[in-house]
Amino acid sequence: MVDTIYFLASCDSCRKIIKALPNTDRLHFHDIRQNPLTETEIDELATLAGSYEAIFSKKAQLYKTIGLKDRVLTEVDYKHYLSYHYTFLNRPVFVINNKIYIGNSPKNIVEVQKVLE
């Protein structure tokens, strides 16, 4: 798997994080709105993360809007919704040296910065 950042170009947090990263020229940039994730890509990310739930964003507005927060979701459900709409991916997601870094927590971003240095 090529070192990749899965992000949303219109996301202020994603843009801020990308701007602060060193050596971004070694990353493939994958805008998930312009180029939706394939089922294979979702499967690969989930395998690296250990589950579909691990890459799923429960902060997405759509999660609340369609009532998912009131349901108990299974791995099959998480996979379905990740395929259904890009907003369900907990972003940004970095895959660097076959290791996955999910989300925008300060700890996670510091780890990504160290790996890219």
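Refer to the preceding data block for the structure.
Being a predicted model, the structure only gives us computed values, none of them experimental.

Definitions and limits used
- Residues numbered from 1 in each chain as written.
- Predicted model: local features only at pLDDT ≥ 70, side-chain atom pairs only at ≥ 80, totals over all residues.
- Heavy atoms only, no water.
- Buried < 20%, exposed > 50% of the residue type's maximum accessible area, 1.4 Å probe, protein only.
- Helix = DSSP H or I, 4+ residues; strand = E, 2+ residues; numbered from the N terminus.
- Arc of directions from axis to C-beta.
- Contact = heavy atoms within 4.5 Å.
- Core = buried A, V, L, I, M, F, W, Y, C linked by side-chain atoms within 4.5 Å.

Asks: What exactly am I supposed to notice about helix α2 (residues 39-49) here?
Replies: One turn of an α-helix holds 3.6 residues; hence residues three or four places apart share an orientation. Turning to α2, its buried residues number three or more, namely Glu41, Ile42, Leu45 and Ala46. Summarising the axial view, the buried residues of α2 lie within an arc of 130°, below the 170-degree limit, and thus occupy one face. Turned more than 90 degrees away from the buried face of α2 sit Thr40 and Thr47, all of them exposed. Its buried side turned inward, α2 meets β1 (4-7), β2 (28-31), α4 (75-84), β3 (93-96) and β4 (99-102). Gly50 sits one or two residues past α2 and shows a positive phi near 100°.

Asks: What am I meant to see in the nonpolar core here?
Replies: A general tendency of soluble globular proteins is for nonpolar side chains to be buried together. Counting 36 residues, the largest nonpolar core has Leu45, Phe56, Leu89 and Phe94 as its most contacted members. Elements that contribute at least two residues to this core include exactly β1, α1 (12-20), α2, α4, β3, β4 and α5 (106-116). Top element by residues in this core is β3. It accounts for four residues. Apart from residues no more than four positions distant in its own chain, Leu45 is found in contact with Tyr6, Leu37, Ile55, Leu89, Val93, Val95 and Ile100.

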